[in-house]
Amino acid sequence: MMEDHSLDVNEHGVLRIPAALWLALGLQCRYWVFGVLLIFAGQQGQTLWQLFDAKLITWLLLVEIPALVASFVSAVRRPEAGRIVRALWSWLPPLVSISAIAHLAYTAWHLWQSEYWSPWPEMAMVCLAFLDLMTIYALYRQPHWKAVLSEFPIVKKLPSLE
């Protein structure tokens, strides 16, 4: 029996990036997404932004840069994307894994520093850490994701009239 996933191709003839992978990429860029949401939140967002420790938020934003690159490469996955995007596409799993592992390290450090675990933020961080682990697992072990990540659209040349 054939899986429905293997039939979900885009206009370039390659497997479409599944919604779960897009969600995982968004999760690995969570502090960037949160920052953008705070920017659009007006005055309340500016007040919330000032509550963060500048060094800590800078570090968190820096560790998400590999996931941001992976998100950009996924968004421009087209035949005309170019050699750099094509080369970075093959590095997508390690790029996302770097951000996920950095999130896990930060969570471990934060939980180690906490005197007791409360529902917010400690238990929420544990849930996010579980999702980080599932992302790493899916990148390397989920057959459909591996199939999607193994192909990149090729440039189709038109036949010449010579």
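For clarity, every value in this text was computed on a predicted model and none was experimentally measured.

S.K.: Please explain the packing of helix 5 (residues 65–75) against helix 7 (residues 92–113) as it appears in this structure.
M.R.: Helix packing geometry: the angle between the two helix axes and the distance between the axes. Following both chains from N to C, one finds helix 5 and helix 7 inclined at 145°, their axes separated by 7 Å at the closest point. Where helix 5 crosses over helix 7, the handedness of that crossing is left-handed. Across the interface between the two elements, Pro-66, Ala-67, Val-69, Ala-70 and Ser-74 of helix 5 pack against Leu-92, Leu-95, Val-96, Ile-98 and Ser-99 of helix 7. Of the residues assigned to the contact of helix 5 with helix 7, the class counts are eight nonpolar, two polar and no charged.

S.K.: Before we go on, may I ask you to explain the pattern of salt bridges in this structure?
M.R.: Note on pairing: side chains with opposite charge can pair once their charged atoms come close. According to the stated counting rule, one finds two salt bridges in the structure shown. Note that Arg-16 and Asp-8 form a salt bridge whose closest N and O atoms lie 3.1 Å from each other. Residue Arg-30 pairs with Asp-132 through a salt bridge whose shortest N-O separation is 2.9 Å. Taken together, the residues span a long stretch of sequence, with Arg-30 in helix 2 (residues 30–39) and Asp-132 in helix 8 (residues 119–141) at a distance of 102 residues. Judged by relative accessible area, Arg-30 falls into the buried class, the value being 13%.

S.K.: What should I look at first to understand unusual backbone geometry in this one?
M.R.: Omega for the bond connecting Trp-120 with Pro-121 falls within 30 degrees of zero, at 5°, which places this linkage in the cis form. Topologically, Pro-121 is positioned in helix 8.

S.K.: Mind showing me how you'd approach the side chain of Thr-107 here?
M.R.: Mapped onto the elements of the fold, Thr-107 is located in helix 7. Owing to a relative accessible area of 6%, Thr-107 belongs among the buried residues under this scheme.

S.K.: Please clarify how helix 5 should be interpreted in this entry.
M.R.: Side chains three or four residues apart in an α-helix point the same way, a direct result of the helix having 3.6 residues per turn. Residues of helix 5 that are buried include every one of Pro-66, Ala-67, Ala-70, Ser-71, Val-73 and Ser-74, and no others. An end-on view of helix 5 places all buried positions within 165° of arc, on one side of the element.

S.K.: Please clarify how the environment of Val-126 should be interpreted in this entry.
M.R.: Looking at the secondary structure, you find Val-126 in helix 8. A relative accessible area of 29% means that Val-126 is categorised as partly exposed. Counting along the chain gives 18 residues from Val-126 to Ala-108, while the straight-line C-alpha distance between them is 8.9 Å. Beyond its immediate chain neighbours, meaning those up to four positions away, Val-126 contacts Leu-111 and Trp-117.

Rules behind the numbers
- Residues numbered from 1 in each chain as written.
- Predicted model: local features only at pLDDT ≥ 70, side-chain atom pairs only at ≥ 80, totals over all residues.
- Heavy atoms only, no water.
- Axes fitted to C-alpha atoms, helices over the stretch in contact; angles between N-to-C directions.
- Helix = DSSP H or I, 4+ residues; strand = E, 2+ residues; numbered from the N terminus.
- Left-handed = near helix turned anticlockwise from the far one by under 90°.
- Contact = heavy atoms within 4.5 Å.
- Nonpolar A, V, L, I, M, F, W, Y, C, P; charged D, E, K, R; others polar.
- Salt bridge = Lys/Arg side-chain N within 4 Å of Asp/Glu carboxyl O.
- Buried < 20%, exposed > 50% of the residue type's maximum accessible area, 1.4 Å probe, protein only.
- Arc of directions from axis to C-beta.

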